[in-house]
Amino acid sequence: MAATDSPMRASGVNRPAGTGVLLAACVSALVVNANTSAVTILLPAISQDVGASVDTLQWAVTGYMLVGAAVIVTSGALGDVFGRRRIFLSGLVLFVLSCALIALSSGAAGVIAGRMIQGAAGSTILACGMSLLSVASAGTGQLRAITLWGAASAVGAAAGPLIGGILAGSTGWQGLFWIDAAIAALCVPLTWSTVRESRDPDRPREIDVLGSVLVAVALVPLVLALSEGGGWGWLSAPTIICLGLSVFGGIGFVLAERHATAPLVDLQLLRNRVLVGSATAILLVAGVINALMYLLSLYFQDPAGFGMTALQAGLATLPAAAAMIAITPVITPLAVRIGPRYAVAIGFGLAAAGCATLAFVEPSWEYTAFVLPLIVLSVGLGLANGPASSASTSAVDPEQTGQASGISNMARYVGGSLAVAAAGTVSTAISGGRADTGAPAADALAAGLAGAAVLLALMSAGGVALALLLRHQRTEPATAVHLAAAAAATSHTIPTRPLPATSGGPR
């Protein structure tokens, strides 16, 4: 449905968001996204400090995303029923507590547990923060608020690795979490004093807790199998049991959603080919970019690689972040000119080419050899992600925008967790195998990165086929909100048209 069909725009209502709610939502979104993108840079420092392997601490990344996938839609539903401000405040408090737990941890268990709690807190803050903006504004005022929120999210995601590197070298890795805790804590009184409570009176009061649990039942064993299958043996009993549990959870989720009064996911929406295609594209983009940043942050800091400090590694990832930001103004105009399907296809093609180039990495490569492939694949992922994110919400009726956004955001978390686990396993298995044959550490490390790059190239190539599902999708003229949506698409899906006041916004 075109943007001009929106109830808000049709009625001519225009109400800007208040300063308090705008600050609370945007600042918290910036902090959450900066925290998320900074953690991979900090893993080697955390590993050295707590005496745990980086492979174990991988769960600090995948665990965060797994919990986020299970909670992102549920937290929005809780806000609709029990009060959006109340649930948003709960997310802020939980975020502060999780930061403190991580910073005070002396072992891997505390770090991983804190990050999993942080996954619930972060997804709650993002979902309910957007909901608060949606109900506090209308029409063009709502689009301005969403534009600022999207810009804050994009800035946080891009700046996170650099901020993490700076703090790791000055305050220690704990500094990131203490500063994030302090900023989130300041948002609590700001929200309490300036944001009005709101609910959706038309929404059923039932919460699909079973659906959230079954999402976890489907995903956690699958990630565990992907992470540990190489060591266990792919045909071993533990691997097969994990895969069986994952299938059981997936089937149970579908059955539960069919009978739920207020389902986590409206299965009828999955008949929408554009929505399914765009959500799958988002899953692949999130998987490739998260896995790549995970692999490169470790490679750059490994003594057998470049032996960079956390700050140097953060600076080394800037070409990727800068490329994704630089392509933002071009994404929507290009998609309008050539069509979303071709934009997505070209984007995934560029990403596949960039990843394929990294598959030829050798120990002799200097850092400069990584820059061009990083730029090419980042431009490609940005080009694919922008139209896919926009299509996921514009392909449904306005009253279904919240559900469609929830599906795409859940896909983003799922893609990140699965790809990081799979790419990490491939890299570790190949590196270990080469080391066992007596290869030098530098050769083994490069071989592991090259093997994982092949996997990411195949994922990107698979994304090209998704363009077929977007062939009927219409585009809208580029505006500021489209640019913000494209920039924020790596971390969250935001709408590009005003939403009904009771919708609560995207999840």
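This write-up is about the structure you can find in this document.

1. With respect to the packing of helix α14 (residues 328-338) against helix α16 (residues 368-394)
For the pair α14 and α16, the least separation of the axes is 9 Å and the interaxial angle reads 65°. In the crossing of α14 with α16, the sense of the turn from one axis to the other is right-handed. Contacts between α14 and α16 pair Ile331, Leu334 and Ala335 from the former with Gly382, Leu383, Gly386 and Pro387 from the latter. Here the contact of α14 with α16 is built from residues that sort into five nonpolar, two polar and no charged.

2. A few points about the packing of aromatic side chains
Tallying each qualifying case throughout the model produces eight aromatic pairs. With centroids separated by 5.7 Å and ring planes inclined at 35°, the aromatic side chains of Phe300 and Phe306 adopt a geometry described as tilted. Since its relative accessible area comes to 0%, Phe300 is described here as buried. Among the aromatic residues, those joined into a cluster by ring pairs are Tyr299, Phe300, Phe306, Trp365, Tyr367 and Phe370. The ring of Trp192 carries the charged tip of Arg85 above its face, separated from the ring centre by 4.7 Å. The lysine or arginine in question, Arg341, covers the ring of Tyr342, its NZ or CZ lying 5.3 Å from the ring centre.

3. Considering helix α8 (residues 174-194)
The end-to-end C-alpha distance of α8, which contains 21 residues, comes to 31 Å, matching closely the 30 Å that a straight helix rising 1.5 Å per residue would cover. When we look at burial in α8, the residues that qualify are Gly175, Leu176, Phe177, Asp180, Ala181, Ala184, Cys187 and Thr191. Buried residues belonging to α8 abut α2 (19-50), α5 (84-104), α6 (108-136) and α7 (139-170).

4. Details of the side chain of Ser75
In this fold, Ser75 is placed in helix α4 (residues 59-82). Sequence-distant contacts of Ser75, that is, excluding residues within four places in its chain, are made with Ile87, Ser123, Thr124, Ala127 and Cys128.

5. With respect to the packing of α5 against α6
Closest axis-to-axis distance for the α5/α6 pair is 8 Å, and the angle between their directions is 155°. The orientation of α5 relative to α6 falls into the category roughly antiparallel. Here α5 and α6 pass one another in a crossing that is left-handed. Within the contact of α5 with α6, the residues separate by chemical class into 17 nonpolar, eight polar and three charged.

6. What about a nonpolar patch on the surface?
Where nonpolar side chains cluster on the molecular surface, the patch consists of Leu94, Leu101 and Ile117 and spans about 200 Å² of accessible area. Residue class for Leu101 comes out partly exposed when judged on its relative accessible area of 34%.

So, how was this worked out
Residues numbered from 1 in each chain as written. Predicted model: local features only at pLDDT ≥ 70, side-chain atom pairs only at ≥ 80, totals over all residues. Heavy atoms only, no water. Axes fitted to C-alpha atoms, helices over the stretch in contact; angles between N-to-C directions. Helix = DSSP H or I, 4+ residues; strand = E, 2+ residues; numbered from the N terminus. Left-handed = near helix turned anticlockwise from the far one by under 90°. Contact = heavy atoms within 4.5 Å. Nonpolar A, V, L, I, M, F, W, Y, C, P; charged D, E, K, R; others polar. Phe/Tyr/Trp six-rings, centres within 6.5 Å; stacked < 30°, edge-to-face > 60°. Buried < 20%, exposed > 50% of the residue type's maximum accessible area, 1.4 Å probe, protein only. Lys NZ or Arg CZ within 6 Å of the ring centre and 35° of its normal. Expected span 1.5 Å × (residues − 1). Parallel < 35°, antiparallel > 145°, perpendicular 65-115°, else oblique. Patch = residues over 30% accessible without salt bridge, like charges linked within 9 Å, V, L, I, M, F, W, Y side chains within 5 Å. Areas by Shrake-Rupley, 256 points an atom, 1.4 Å probe, with all protein chains shown as cover. Salt bridge = Lys/Arg side-chain N within 4 Å of Asp/Glu carboxyl O.

By themselves these figures say nothing about function.
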